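Given next are the chains, with one letter for each unit.
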Amino acid sequence: MNSTIRELLSKHGGLPIAVDKLADADDLYEAGLSSFASVQLMLALEEEFDVEFPENLLNRKSFSSIASIADALSQITEDRQVA
């Protein structure tokens, strides 16, 4: 999952540094992720993983790192399996 997140982040994040230079826990906003780019990234993630981010995960914290994005996606897919 993290490699797919990195690929989408590289494509839609508009970061001034290479995504492969970032650790999973590095703050993406400190690395240059803008609010607009985070929305573009969210849309790409929804399309790629065939999910929809629920309102409670539409916040800065959910997109603050590769690890937090992976956690959010895991929550969504787990919730979908339970339902």
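Residues numbered from 1 in each chain as written. Predicted model: local features only at pLDDT ≥ 70, side-chain atom pairs only at ≥ 80, totals over all residues. Heavy atoms only, no water.

Asks: In this structure, what is going on with the overall build of the protein chain? I would like to understand it.
Replies: On a plain count of helices and strands, the protein chain comes out with three helices and zero strands. Its helices and strands taken in sequence order, the protein chain reads α-α-α from the N to the C terminus. Taking 12 Å as the expected radius of gyration for a compact globule of 83 residues, we find that the protein chain reaches 12 Å, a close match to that expectation. Buried residues in the protein chain amount to 41% of all 83 residues. Long-range pairs, those at least 24 residues apart, make up 54% of the contacts in the protein chain with a sequence separation of at least 6. Accessible surface computed for the protein chain: about 5100 Å², of which carbon and sulfur atoms make up 47%. Charged side chains in the protein chain number 6 positive and 15 negative. The centres of these two groups are separated by 5 Å. (Helix = DSSP H or I, 4+ residues; strand = E, 2+ residues; numbered from the N terminus. Rg over C-alpha atoms; globule rule 2.2 N^0.38 Å. Buried < 20%, exposed > 50% of the residue type's maximum accessible area, 1.4 Å probe, protein only. Contact = heavy atoms within 4.5 Å. Areas by Shrake-Rupley, 256 points an atom, 1.4 Å probe, with all protein chains shown as cover. Lys, Arg positive; Asp, Glu negative; His and termini not counted. Charge placed at Lys NZ, Arg CZ, Asp CG, Glu CD.)

Asks: What is the right way to read the environment of Glu30 from this model?
Replies: Along the polypeptide, Glu30 turns up in the loop between α1 (2-12) and α2 (35-49). The sequence separation of Glu30 and Ser64 amounts to 34 residues, and the corresponding C-alpha distance is 8.8 Å.

Asks: Even after reading the chapter, I still don't get the UniProt feature "domain: Carrier" (unreviewed entry) in the protein chain, so can you show me in this structure?
Replies: Sequence positions flagged by UniProt for "domain: Carrier" (unreviewed entry) are, in local numbering, residues 1-77. Helix makes up 49% of residues 1-77 and strand 0%. Its end C-alpha atoms lie 12 Å apart. (UniProt positions renumbered as here; feature names shortened; annotations may be inferred.)

Asks: I keep staring at unusual backbone geometry and nothing clicks. Help me out?
Replies: Leaving glycine aside, a negative phi is the common case for residues, and trans is the common case for peptide bonds. Here Asp50, not a glycine, exhibits a phi torsion of approximately 55°, which is positive. Looking at where Asp50 falls in the secondary structure, it is placed in the loop between α2 and α3 (66-82).

Asks: Help me understand the nonpolar core in this model?
Replies: Nonpolar side chains tend to gather and get buried jointly when the protein is soluble and globular. Grouped together as the largest cluster of nonpolar side chains are 26 residues, with contacts concentrated most on Leu9, Leu45, Phe53, Ile69 and Leu73. Filtering out sequence-adjacent residues up to four positions away, Phe53 remains in contact with Met42, Leu45, Glu46, Leu58, Phe63, Ala72, Leu73 and Ile76. (Core = buried A, V, L, I, M, F, W, Y, C linked by side-chain atoms within 4.5 Å.)

Asks: Would you mind going over the packing of aromatic side chains with me for this structure?
Replies: What characterises a pair of aromatic rings is the spacing of the ring centres plus the angle enclosed by the ring planes. As enumerated under the stated definition, the model contains one aromatic pair in all. Judged by centre distance (5.1 Å) and plane angle (45°), the ring pair of Phe53 and Phe63 falls under tilted. Here the residue Phe53 occupies a position in the loop between α2 and α3, and Phe63 occupies one in the loop between α2 and α3, the gap between them amounting to 10 residues. Note on Phe63: relative accessible area 5%, which makes it buried. Directly above the ring of Tyr29 sits Arg60, whose terminal nitrogen or CZ lies 3.8 Å from the centroid. (Phe/Tyr/Trp six-rings, centres within 6.5 Å; stacked < 30°, edge-to-face > 60°. Lys NZ or Arg CZ within 6 Å of the ring centre and 35° of its normal.)

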